[in-house]
Amino acid sequence: MSRLLRGAVAGIGLLVVVGTLLWASPAGAQEPGADDPAEQEPGQSQQVSGTLRYKDDSGEDVFVEGLEVTVESADGSFSETVTSDEDGRWAVEVPGPGRYTASIDPDQLPEDVSLRDEDRSALTVTLAEGESRAVLFALQSGEGGRGGSHFFDRAARLSVEGLKFGLIIAICAIGLSLIFGTTGLVNFAHGEMVTWGALVAFFFNVTLGWPMVLSAAIAVVVGAITGLGIDRGLWRPLERRGTGLIAMLVITIGVGILIRYVFLYQFGGFTRTYADYQLQTEGLELGPVTIVPRDLATILISLGVLVAVALALQLTRIGKAMRAVADNRDLAESSGIDVERVVGYVWAAGAGLAALGGVLLGLAEQVDWLMGFRLLLLMFAGVILGGIGTAYGALIGSIVIGLLVQLSTLWVAPELKNVVALLVLIIILIVRPQGILGQAERVG
Amino acid sequence: MTETTPSPNTGFTRIRVDAFEDVPEQPGARKPDPILVVESLTRRFGGLMAVDVDHLEFQRGAITGLIGPNGAGKTTLFNLLTGFDKPNTGTWSFNGRPMRGLSAHKVAQAGMVRTFQLTKALSRLTVMDNMKLGATGQTGERFFPSLVRSRWRGQEKAIEERAEALLERFNLHHMRDEFAGALSGGQRKLLEMARALMVEPELVMLDEPMAGVNPALAQTIIGHVRDLAADGLSVVFVEHDMDVVRTVSDWVVVMAEGRVIAEGRHASIVTNPEVIDAYLGRHHGTPLDPAEQERQLAEAQAEIEAELEAEERAREQEGA
Amino acid sequence: MDWESIFSNTLESAIGRDAMVFALAAIGLNLHFGYTGLLNFGQAGFMAVGAYGVGITVVEFDAPLWVGVIVGIVGAVGLALLLGLPTLRLRADYLAITTIAAGEILRFIFRAAEFRDFTGGSNGINGFARDFTNANPFNGDFELWLISFSATQMWYLTVGWALVLLSVLLIWLLTRSPWGRVLKAIREDEDAVRALGKNVYAYKMQSLIVGGVIGSLAGMMLAISARSVQPDNYGTPTTFFAYACLILGGAATIWGPVVGSMIFWSIMAFTENLLRQLVENDHIPDSIMSGVQVGQVRFMLMGLGLALLMIFRPQGVFGDRREIALTTR
Ligand SMILES: Nc1ncnc2c1ncn2[C@@H]1O[C@H](COP(=O)(O)OP(=O)(O)OP(=O)(O)O)[C@@H](O)[C@H]1O
Ligand SMILES: [Mg+2]
C-alpha cells in the first residue's frame, strides 16, 4: 500500500512537472481567454471565403455558380455549408481563430469542370485572431479524370505520403506493441505519449526558440524519462498490488483522459506549427512525386530509427531480453532475466520513440492536444495487423496502415480515409486474430 | 489385475477388468466395446507435431490413465477431442457418432465432459451456482423463458437437489454458499469434478485432477474417480504420478512427442523399454522444461497461498 | 458566491437529462461488461444508431416517430449482429479495440459530407421530435424546492426515467435467472462454461443485443430531448462517460449504473458551477483558470476519478468488496 502511495505521489509529481513545463507555453502565457472562440469580442467577424472560377479553352474566366462549399472547424464544433453566387463567390463567417477546412464535392462540379488536383477538394487554413482568409480551389476546364497516368501520378504521390505516415505510426506504435508484449497491458494512454513528445518539442522550439533538432532530442529524452516514471510510479505498484489487466486497461483510459485535458488546459485547443521547416515547396523530384526536404528527412530519420531499433532488439543484451520477455515472460524470468528492469526499459524506449513519433507527426502535420489520441486507433490497427506484442509486426503493420489510409483516398472521400484502415483492423481481427506475425493462444 | 478395489460395487469392477482380457498390449489396440475411437489425428504448431495419433480406442466403463512426459501432447489431445482446438487431420467418434467439427459445447452436450489442467473455478459465482451451471437442458437458460420465474422454478429445484447430493458426496456441502474463488486449490479440483458430473456425462476426461493436491486429498480424489467408474461412467485421466496411475487405472495409454508409444496394463507399461526410453532415455539428464517447471511451481505456490488464505478466513470467522 | 444556484444546478443534474441518458447507456454496458465481461467500447455507436434511426426515418422518410423508434431498435440489433458475429470470439482486449473502431467508423460515416443527404453531415438532423413534443401532457413549469424544470423537460425526463426503470426491471429479471447465471459464468471463464455444454457464443450475442438495444434507447432519448442528432455527441468520449458512470456506481449490480450516473452528473455539475462561480467572482484569478477551462477541469477530474476508482474501489459505490477481491488475485 505504501508503495502505491509512493507511486501516486510520484505520479502527481510527474503531473506537476508536466504542468509547470507547459505553464510557460503559449496558452499559459497568452492573454486569458484569447484562444477561446466563445470569448471573442462580438462584432469582430472573421471569414473564410473564396471565388470559384476557371479559365475556359479560350482563356476567359468562367465563374461557377451554385456549388456547395462546406467550412468546418478542425474540432468539428463548427460547420456551415454555403452556395456560390453568380460571380462564383462564397463566404462563411467563422466563430473565431483556429483551423478550418473548406471543401467542395468534385462530383457536384459542372460537367466540363474538374479539379486540377483531385486531392485538393478540401483546403485547410489557419486563422489568427481577427484574421480572414481566402482559399482558392484550383479548377480547370475538361476532365481531370481519375484514370490514366493521372491516376498513377496520384497513386505514386499518395504512396510516398503513406510511407511517411506509416513510418510515423510505426515509430509511435512500437512502444504500444512492446508494452503489451511484455506486460499484457493494452495502453489506451499511449497516444498521450505521442502528444507529449510533440508538445515538449514545441515548448523548446517555439516558446524558447531553440533549434528544432535540439528540441526534438530533448523531447525524446523527456518522453523516455516520463515513460520510465509512469512505469515505476504507476504500473509497477499496481501490478504488485495484483490489479487485473482489464482493470488496468480502464485505468489507462482514465489516465489518458486526465492527461489529454491537462494538455488542453495548458496548450489550448488550437493547432500550431513548429517554428522551423514549415514552408517548403522546393524538393526532390522523383518522377511525378516531389518530396520536400522535411518529408524526406522524416522518412530517412524514421527508417534510420527503425533499423536501429531492430538492430538493438536483435543484437544488444537488453534488446534480446525484451524479446525474450515478450515471447514468454515466465520462461524469461526463470532463466534469470530481471523482468521488471526489462519492462522499465521497454517503457522508456517505447515512450521515447512515441515522443519522437509525435515530433515527426507535428512536423508533417501540426501540433495539437488531441493529435496522439487521434492516432491511437491507427496505432492499434498497425500493431494488431502485424501481431500484437511483436516489434517487427508493429513495424510492418503500421506501414501497411499508413499506405492504406493515404491510398484509400484514390477511391473514397478523404474524410473517410480512416474508416478504411479501421475496417481493415476489424477484418484482420476476424480472419487472423493473432495478426500477421503473431501466434495463437493455447487453451487448457 | 490383482489390486483389491475399495469401491462399494465390486460387480462392476470385475466386468470392467475382464474387458481387457483379450486386448493385446500394444499401441492402437482394439477394445471390445470402445466409447471413443480416434483415427489418424494430427495437430501441428508451427514445426512442432503436438499430436500424431494413428489409432486409439478408449474402453467403455473403464478408467484409462493417459501418461507421458511433459509436452507429450496429452492436453492438446484433450483439447482436440473436446472441440477446444481444431486438428490438422483426423476423425474421431464418440458412441459411434462422428465428432469432428463439433464445437466444444456440443461435445459436452453429447456426453463427453472434460476438466482443465489449470483449474477453472468460476470465482465470483457461489459453489452452488457453479454446480447448477453444469445441468443441461435448463428452460431458465433460454432468453425469453428466463424472464418468467414460474417457468423454471420447478426445474431449478430439482437441479438444486441433485447438486446438493453431489456436493455432499464431494464433501463441499459446507461451502455451498461461498464464492468459488474462496475455495482452496484442492477444493476447486473437487468442485470442478463435481460440476462436470452435473452435466450427466458418459465419459469424463480429467486433465491432471490430482496435480498440486496434498496426498490425503489425492487419495480422496482417487476414491471419487473409482466411484465414477463404479457408477458406469467411462473415465480418461491424465496423471504424472505412477503410483496413482497404478492404483486407479484399468488400462494405461502412454504418449510421447505426440504419439501413442505404448498401451497396456500398468505392470507391462512400467517395464516397457519404449516407455522407459521416453521418460528417461531421450530426455536423460535434461531437466524439466523451465516453463513447465515454473508453471508447476507457481501452481503449487498458488495452492499454498489459497490454503493459507482459507485458513485465515476460517480463523477470522471464528474470531467474529 | 451563489450557493443556492450551485446546489440547485447540482440537484437538477442528478435527475436531469444527462443522468437519465447515461443511466440508460450504462445499464446496457452493465449487461455487457458487468455481467458478461464483454469489453464493449462501442456503446456510443449503439446510441448513434438509435438516434439516427429515429432522425433519418422521421425526417427523410416522413414516418411517424414510433416507426423511427422501431427502426432505431432494429438498427441496434443489426449492429449487434454485425459487430458480434465476427468479434465475439475474440479476447476481451481485442474486443475492446474492435468495438472502439466500429464506433468510430460509424461516427465518421454519419458525419461524412458524402452521405449528407441522409445524415445531415456534421450538422446532424433536426426536426424529428414533433410527435414527441405534441404528446406532452405537462403544461407550465414544475418547481419543487431548489429544483425547477420546464414542461418540455418534465416530459422527456418522465419518459426517460420510465425507460430507465423498465430497463432496470428487465436486467433484474434476466440476471436472477439461470440465463443470467450463464452470463456471469462466461465473465469468469468462458472455456469452463463451454466445457459444461453451453453455447457461449449465443449467450454473448444475446447479451450484446439486449445491452445494445438499451444503449440505442439512450441515444434516442438524447436526440429527442435535444431535438437534434449531432454526430460528435456519439464519439468515444461518450462511451468513456458511460463506463465512468457504471464503474462509479458498481458494475454487475442492478442499481449501480443508475446511481452511478446520478452521482457522476451531480459531481460534474457541482464542480462546474463551483469553479465557474469562483472564476467569475475572481476567487480564482483569470491567469490560472479562465471560463472555458472550467469545462476542461471537469474532464480532468473525471479521468482522475475513473483511474482512482479503478485502483482503490473497483467495486464502485454499490459493489460487493468481497466479490471484487476475488478477481484481483
Ligand atoms: N497453442 C499452442 N501454440 C503452440 N504450441 C503449443 C500450443 N499448445 C501446446 N503447444 C505445444 O504442444 C506440445 C504439447 O503440449 P501439451 O500441453 O499437450 O502437453 P502435455 O502432454 O499436456 O504436457 P504436461 O504434462 O506438461 O501438461 C508442447 O510442446 C506445447 O508447447
Ligand atoms: Mg497438459
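Residues numbered from 1 in each chain as written. Chains lettered and ligands numbered in written order. Predicted model: local features only at pLDDT ≥ 70, side-chain atom pairs only at ≥ 80, totals over all residues. Heavy atoms only, no water.

Moving on, we get to the environment of T101 of chain A. By the element assignment, T101 of chain A lies in strand β7 (residues 98-104). T101 of chain A sits 174 residues away from A275 of chain A along the chain, and the two C-alpha atoms are 22 Å apart. (Helix = DSSP H or I, 4+ residues; strand = E, 2+ residues; numbered from the N terminus.)

The next thing to look at is the sheet that holds strand β10 (residues 133-134) of chain A. Residues and elements named next belong to chain A. As summarised here, the arrangement of the three strands in space is β6-β1-β10, forming an open sheet in which the pairing is mixed. Two strands lie at the open edges of the sheet, namely β6 (89-94) and β10, each paired on one side alone. Of the pairings in the sheet, the one linking strand β1 (residues 46-51) to β6 comprises six bridges and is antiparallel in character. Residue pairing for β6: V48 is matched across the bridge by V92. (Pairing = 2+ DSSP bridges.)

Before going further, it helps to examine the packing of aromatic side chains. Summed over the entire model, instances satisfying the criterion amount to 28 aromatic pairs over all chains. Consider the rings of F22 of chain C and F241 of chain C, whose centres lie 5.9 Å apart with planes at 45°: the pair is tilted. Note that F22 of chain C is positioned in helix α2 (residues 17-35) and F241 of chain C in helix α12 (residues 236-249), a separation of 219 residues in sequence. Ring geometry for F22 of chain C versus W265 of chain C: centroids 5.2 Å apart, planes at 45°, classification tilted. Of this pair, F22 of chain C sits in helix α2 while W265 of chain C is found in helix α13 (residues 256-280), placing the two residues 243 residues apart along the sequence. An aromatic cluster is built from Y261 and W369 of chain A together with F22, F241, F264, W265 and F299 of chain C, whose rings are joined through pairwise contacts. (Phe/Tyr/Trp six-rings, centres within 6.5 Å; stacked < 30°, edge-to-face > 60°.)

What follows is about the interface of chain C and chain A. Reports of interface size often rely on the accessible area that becomes lost once the parts have come together. Counting residues at the interface gives 52 residues for chain C and 56 residues for chain A. Counting the surface lost from both chain C and chain A, the interface buries some 4700 Å², and carbon and sulfur atoms represent 73% of this. Where chain C meets chain A, there are one salt bridge. R111 of chain C is the partner of E72 of chain A in a salt bridge, and the nearest nitrogen-oxygen pair spans 3.3 Å. Taken together, the links from chain C to chain A amount to three residue pairs in polar contact (both at pLDDT 80 or more). Secondary-structure elements contributing two or more residues to the side of chain C that touches chain A are α5 (92-111), α12 and α14 (291-312) of chain C. Considering each element in turn, the side of chain C that touches chain A owes the most residues, 15 residues, to α14 of chain C. (Contact = heavy atoms within 4.5 Å. Buried area = accessible area lost by both parts, 1.4 Å probe. Salt bridge = Lys/Arg side-chain N within 4 Å of Asp/Glu carboxyl O. Polar contact = N/O pair within 3.5 Å; in protein donor to acceptor, adjacent residues only side chain to side chain.)

Attention now moves to the packing of α2 of chain C against α13 of chain C. Residue and element names in this part refer to chain C. Where α2 meets α13, the closest approach of the two axes is 8 Å, and the angle between their N-to-C directions is 140°. As judged from the angle between their axes, α2 and α13 are oblique. The interaxial crossing formed by α2 with α13 has right-handed handedness. Along the contact surface, α2 presents D18, A19, F22, A23, A26, I27 and N30, while α13 presents P257, V258, S261, M262 and W265. For the contact of α2 with α13, the residue count by class is nine nonpolar, two polar and one charged. (Axes fitted to C-alpha atoms, helices over the stretch in contact; angles between N-to-C directions. Parallel < 35°, antiparallel > 145°, perpendicular 65-115°, else oblique. Left-handed = near helix turned anticlockwise from the far one by under 90°. Nonpolar A, V, L, I, M, F, W, Y, C, P; charged D, E, K, R; others polar.)

Here we come to helix α4 (residues 190-207) of chain A. All names here are of chain A. For α4, built from 18 residues, the straight-helix expectation of 26 Å at 1.5 Å per residue is met to within 8% by its first-to-last C-alpha distance of 25 Å. Burial within α4 is extensive, with 16 of its 18 residues counted as buried. Of the residues flanking the end of α4, it is G209, one or two places downstream, whose phi is positive at about 75°. (Expected span 1.5 Å × (residues − 1). Buried < 20%, exposed > 50% of the residue type's maximum accessible area, 1.4 Å probe, protein only.)

Moving on: the nonpolar core. Ranked by size, the top nonpolar core spans 220 residues in total, and within it W235, Y274 and M379 of chain A together with F41, F128, V164 and F264 of chain C carry the most contacts. Leave out the neighbours within four places in its chain, and F264 of chain C touches F241, A244, C245, L248 and M302 of chain C. Within the second largest apolar cluster, 37 residues are counted, among which are F170, A194, M210 and L217 of chain B. (Core = buried A, V, L, I, M, F, W, Y, C linked by side-chain atoms within 4.5 Å.)

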